[in-house]
Amino acid sequence: MKANLFKLAQQVVQEIRNYGFQAYIVGGAVRDSILGRTVDDIDIATSAYPDQIQKIFPRVIPTGIEHGTVLVRYQSTSFEVTTFRTETSYSDFRRPDTVKFVTDLREDLARRDFTMNAIAMDQSLQLIDPYHGQVDINNKIIRTVGRAQERFLEDPLRMMRAIRFQSQLGFELAEEVLHAIYDNRKWLDKIAVERIAVEWEKTLKGNYFSDAKRSLFRTGLVNHLPILSEDIIQQSLQRLNSSLPSLAAFIAYMNLTVSEIAIADWTNSWKLSNQLKKSSRLLVQLVQDYPKEPLKWLLYRLPEDLIEDFTILCTLFQKNPFTQEEIKMVQKNLVIKDRQDLAINGKDIISFFPNRSKGSWIQNLLLETEKAVVTELIKNDKNDIREWLQYDNQ
Ligand code: ATP
Ligand code: MG
């Protein structure tokens, strides 16, 4: 499927060309294919307008018409197709004030952030590289298209993007880029925190996180990130020398090392979802509970999507005897997978103790039962559970 992706993209490009328009593969896909990295999605730039693309392909989703972007569905694969454009001023630091469509590929490449992201590939895989992105890729260097000072002032998010690409690719930042980030760092305050969070998460996940972190401190950009600007947090961040699989794992790590800053402070300042707050809380709890609580009870509460985060956090806190596979094995052999599987429910508990009035004791006993069944202290059988509860709670 993945190997096919470029072939499909070439077909989409050719189809657009058949209608007399220009079309090229652009952006991260070109960069990553030069680097031999896996490519998951392909962007296409074209001289055609969105309504013209809508006429060429039967299935087109209008995802960002005002910016010239549509999503073309082609043989069950999505391609983001964007009309060539230049971006004029960014007076509110959010989005360009006006998007001007152009007919020249070079003008479109000129608006892109870094030379390595400003290479186009045509239908026969030839590269069009007016800003010498290939040279910078070979030298593993991140350089802006045009003057860094101007490009960062124009869109300060690019400073975070430079650092996240360093984390993902292990490239160095050009001296000019480092200086320009230092000079323009305060403008990051103008950028919506949600957009910064996207880049920060990618930075955390990068294989070269430590290099990126060094740049973050060296340029002072770290002082313009929510909470990370605080001294006490910076000390802890300095000690973090491995990448993390998610923002939830990052927040859990930070809360476990600097408990004064609550998880809700993190998620509020970074405008993160409730789901992320829940995941971070659970991770903190599980890491703290290990190895105090019985292993089965611990892993019973660990959802599949947090297994990697949990093992990495345990390693960071020097308490990891397990691989992810071992965890999955233990989970597979658990007697019940969740509370629904329990042979009793709250109503049953009430019926076991007909003389008691309702109260929080019901939930407490339910939890106690759940734990006893999971740890195989008792069988998951209604009669066994009743006897056990009545004996213990006479
Ligand atoms: P990834 O592999 O993470 O998707 P990418 O290079 O595709 O990396 P995107 O954020 O998907 O990055 O953006 C696609 C392309 O759009 C970039 O390669 C770049 O050419 C351009 N681009 C994105 N954001 C900006 C920006 N803020 N300023 C200028 N160009 C940008
Ligand atoms: Mg991309």
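What counts, and at which threshold
Residues numbered from 1 in each chain as written. Chains lettered and ligands numbered in written order. Predicted model: local features only at pLDDT ≥ 70, side-chain atom pairs only at ≥ 80, totals over all residues. Heavy atoms only, no water. Domains from an automatic or database assignment. Buried area = accessible area lost by both parts, 1.4 Å probe. Salt bridge = Lys/Arg side-chain N within 4 Å of Asp/Glu carboxyl O. Polar contact = N/O pair within 3.5 Å; in protein donor to acceptor, adjacent residues only side chain to side chain. Helix = DSSP H or I, 4+ residues; strand = E, 2+ residues; numbered from the N terminus. Buried < 20%, exposed > 50% of the residue type's maximum accessible area, 1.4 Å probe, protein only. Contact = heavy atoms within 4.5 Å. Pairing = 2+ DSSP bridges. Axes fitted to C-alpha atoms, helices over the stretch in contact; angles between N-to-C directions.

### Details of the domain arrangement of the chain
Next, step 1: Each domain of the chain was delimited in the assignment, giving domain 1 (1-139), domain 2 (142-225) and domain 3 (339-392).
Next, step 2: Using only C-alpha atoms to locate each centre, domain 1 and domain 2 end up separated by 23 Å.
Next, step 3: For the pair domain 1 and domain 2, the summed buried surface comes to about 1800 Å²; carbon and sulfur atoms form 61% of the total.
Next, step 4: The interface formed by domain 1 and domain 2 holds 2 salt bridges in total.
Next, step 5: Put simply, Asp 113 and Arg 161 hold a salt bridge, and the shortest N to O gap is 2.7 Å.
Next, step 6: Put simply, domain 1 and domain 2 have 8 residue pairs in polar contact (both at pLDDT 80 or more) between them.
Next, step 7: Looking at the side of domain 1 that touches domain 2, the elements with two or more residues in it are α2 (28-35), α4 (105-110) and α5 (133-138).
Next, step 8: When residues of the side of domain 1 that touches domain 2 are assigned to their parent elements, the largest contribution, 3 residues, is made by α2.

### Digging into the environment of Glu 199
Next, step 1: As for its placement among the helices and strands, Glu 199 is situated in helix α9 (residues 193-205).
Next, step 2: Of the residues examined, Glu 199 reaches a relative accessible area of 4% and is grouped as buried.
Next, step 3: Through-space distance from the C-alpha of Glu 199 to that of Ala 162 is 9.4 Å; in sequence the pair is 37 residues apart.
Next, step 4: Aside from chain neighbours lying at most four places away, what touches Glu 199 is Leu 157, Met 160, Arg 161 and Arg 164.
Next, step 5: In terms of polar contacts, Glu 199 uses its side chain to reach the side chain of Arg 161, at 3.4 Å.

### Section: the sheet that holds strand β3 (residues 60-64)
Next, step 1: Read from one edge of the open sheet, 7 strands run β3-β4-β5-β2-β1-β8-β9, paired in mixed fashion. A strand with exactly one partner marks an edge of an open sheet, and here the two such strands are β3 and β9 (127-128).
Next, step 2: As defined by bridge partners, strand β1 (residues 23-26) adjoins strand β2 (residues 43-46) across 4 bridges and the pair is classed as antiparallel. What sits directly across from Ile 25, in β2, is Ile 44.
Next, step 3: Relative to β1, α2 is tilted by about 60°, and along the sheet it contacts β1, β8 (120-121) and β9.

### Topic: helix α10 (residues 209-218)
Next, step 1: All of the buried residues along α10 are Phe 209, Asp 211, Ala 212, Lys 213, Ser 215 and Leu 216.
Next, step 2: Considering only its buried residues, α10 is in contact with α7 (157-169), β11 (172-173), α8 (175-184), α9 and α11 (231-239).
Next, step 3: After α10 finishes, the residue Gly 220 shows a positive phi value of roughly 75°.

### Points about unusual backbone geometry
Next, step 1: Note that the residue after Tyr 290, namely Pro 291, is joined by a cis bond; omega there is 0°.
Next, step 2: Of note, Pro 291 is situated in the loop between α14 (274-289) and α15 (295-300).
Next, step 3: A positive phi angle is found at Gln 75, which is not glycine, with a value near 45°.
Next, step 4: Structurally, Gln 75 is set in the loop between β4 (69-74) and β5 (77-83).

### A closer look at the side chain of Gln 331
Next, step 1: Tracing the sequence through the fold places Gln 331 in helix α17 (residues 324-332).
Next, step 2: Accessibility expressed as a relative area gives 14% for Gln 331, which makes it buried.
Next, step 3: When near neighbours in sequence (up to four residues on either side) are disregarded, Gln 331 contacts Leu 299, Leu 302, Ile 307 and Lys 337.

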